[in-house]
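An overview of the molecular structure
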Amino acid sequence: MIPVEEAYEILMSNLCKSKTEPVDIRKSVGRILTESIYADRNFPPFDRVTMDGIAIRFEDWQQGIREFKVQEMQVAGNPPVTLRKSGNCIEVMTGAMMPEGADTIVRYEDFEIEKKVAVVKELKLKKGANVHDEGSDRAIGDQLLEPGGIIGPAEAAVIATVGESIVQVAEPPKVAILTTGDELVDIDEEPLPHQIRKSNSFAIDGALKELGVTSTILHLNDEKEVMKSTIEEVLDKHEVLILSGGVSKGKKDFVPEVLEELGVEKLFHRVKQRPGKPFWFGVRQTEEGTNYVFALPGNPVSTFLCYYRYVKPWLFRSMGGNLTNEIATLDGDFKFEPDLTYFLQVKLSNEGVLKAAPIAGGGSGDLANLVECDAFMELPATKKAFNKGETFPIYRYR
Ligand code: AMP
Ligand code: MG
């Protein structure tokens, strides 16, 4: 049995390096960017007028000129005109290039036009007012986005403005979800008193979709030979297998031995944690490539925790994503005696500080409690009493 940190380190040093693929920018939101995006021009690319009004020479203003002859108009989308002489102004519109020879914009609100002459009110005017200077936001060649972030609407806008209609994103690995258990029936079946409906595959499949990962779903009964031949086929067609159930010490828990018989090398089995102690992880190297196999304990809360604490960050890093950690403040006292890391189910609230209220629930089989909570809080094995006001890492699913 190994500590949580060690299990996590083993996973992180066995990443499945995913490939990258080009996608149309309109399909890129939600995907992990795998390239850098650079400014192809200065931002803004020219001295840009930011207010509708007139463009003048500040020197004229300083010399006391308040009436400016309107020479012509400069609208957005036109090449720049030139201010011909002192005392002239150019009518300008937001988004236009600054006319040559002018340096300051006076807003429409601050003057009246009478017979092609702009009469400006007394006001505090600064040189360069209402002009967005070329290159003042970013210079040509600056890195605007680094690889590893999720593309959202803001990133899409930045990618668009540098003219990239096709963008490089992580290609998700091929994933199969394999649930196990003789007691499990399909959700459209009426379970007999000794049966229950399959729910873990829906939790894992839904969680994978949050990362843009699609999966194949299969169910295995607790029969060793059938399990073995099915897993063997699945290994040939998928890089990542996520199993649920059959990894504990029961007489029908065949998953670890089947995996090892199929040449999947065990990297750990059993982690000092609750829930999810029987968690198993291994890899298989063949000429065709590497398989990564996560065998999660079948109890619904255990499966859920193991996915969010281990599988999700592993997949995210494997696809080149930059991980961020989150902490919250415990909003109630809690005790946990065993020498295990405890993943406490918590309800989050945020009134300036992210608070986590403990909602322990009925144990690892109590999947209804998951909807009452938002995250798991990781309480270290080194302590037994956890007090209101202390902060600990959280793993959110909401
Ligand atoms: P196991 O890890 O196979 O010993 O299963 C532990 C508990 O989780 C048992 O009560 C199972 O019925 C339940 N369980 C296992 N797999 C699933 C599943 N796919 N959906 C819902 N419950 C499950
Ligand atoms: Mg089972």
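Treat the numbers as computed from the prediction; the structure is a model and nothing was measured.

About the cut-offs
- Residues numbered from 1 in each chain as written.
- Chains lettered and ligands numbered in written order.
- Predicted model: local features only at pLDDT ≥ 70, side-chain atom pairs only at ≥ 80, totals over all residues.
- Heavy atoms only, no water.
- Buried < 20%, exposed > 50% of the residue type's maximum accessible area, 1.4 Å probe, protein only.
- Helix = DSSP H or I, 4+ residues; strand = E, 2+ residues; numbered from the N terminus.
- Arc of directions from axis to C-beta.
- Contact = heavy atoms within 4.5 Å.
- Phe/Tyr/Trp six-rings, centres within 6.5 Å; stacked < 30°, edge-to-face > 60°.
- Lys NZ or Arg CZ within 6 Å of the ring centre and 35° of its normal.
- Salt bridge = Lys/Arg side-chain N within 4 Å of Asp/Glu carboxyl O.
- Pairing = 2+ DSSP bridges.
- Near = heavy atom within 4 Å.
- Polar contact = N/O pair within 3.5 Å; in protein donor to acceptor, adjacent residues only side chain to side chain.
- Areas by Shrake-Rupley, 256 points an atom, 1.4 Å probe, with all protein chains shown as cover.
- Nonpolar A, V, L, I, M, F, W, Y, C, P; charged D, E, K, R; others polar.

1. Quick look at helix 4 (residues 200–210)
- All of the buried residues in helix 4 are N200, S201, I204, D205, A207 and L208. Looking straight down helix 4, one finds that the buried residues subtend no more than 165° of arc, so they occupy a single side.
- Buried residues in helix 4 make contact with strand 13 (175–180), strand 16 (215–220), strand 17 (240–244) and helix 7 (300–318).
- Once helix 4 ends, the next one or two residues include G212, with phi positive near 75°.

2. Things to note about the packing of aromatic side chains
- All told, the structure shown has 16 aromatic pairs when counted by the stated rule.
- Ring geometry for F304 versus Y308: centroids 5.2 Å apart, planes at 50°, classification tilted. A residue pair is termed a helical-turn pair when its members lie 3 or 4 positions apart in one helix, as F304 and Y308 do in helix 7 at 4 residues. Assigned by exposure class, F304 and Y308 land together as buried.
- Among the aromatic residues, ring-to-ring pairing joins F268, F279, F281, Y292, F294, Y310 and W314 into one connected group.
- One residue, R66, lies across the ring of W61, its end atom 3.5 Å from the ring centre.
- Sitting over the ring of Y310, R309 keeps its end group 5.4 Å from the ring centre.

3. Quick notes on the pattern of salt bridges
- In total, this model carries 19 salt bridges according to the counting rule given.
- Measuring nitrogen to oxygen at the nearest pair gives 4.0 Å for the salt bridge that ties K252 to D182. Of this pair, K252 sits in the loop between strand 17 and helix 6 (255–261) while D182 sits in the loop between strand 13 and strand 14 (184–185), and the two are 70 residues apart along the sequence.
- On the basis of relative accessibility, which here comes to 43%, the residue K252 falls in the partly exposed class.

4. Notes on the pairing of strand 21 (residues 289–296)
- Taken across its 8 residues, strand 21 has 6 buried, putting it largely inside the fold.
- Looking at chain direction, strand 17 and strand 21 are connected through 5 bridges and run parallel. Within the sheet, the bridge partner assigned to L241 lies in strand 21 and is V293.
- Joining the antiparallel neighbours strand 20 (residues 280–286) and strand 21 is a turn of 2 residues.

5. Things to note about the site of ligand 1
- In the vicinity of ligand 1, 16 residues are found, and the nearest of them are E183, S199, N200, G246 and G298.
- Interatomic distance of 3.2 Å between a backbone N/O atom of N200 and a nitrogen atom of ligand 1.
- Out of a free accessible area of 490 Å², ligand 1 has 80% covered by protein chains.
- Secondary-structure elements contributing two or more residues to the shell around ligand 1 are strand 13 and strand 15 (196–197).
- Residues belonging to the shell around ligand 1 are distributed by class as follows: 4 nonpolar, 9 polar and 3 charged.

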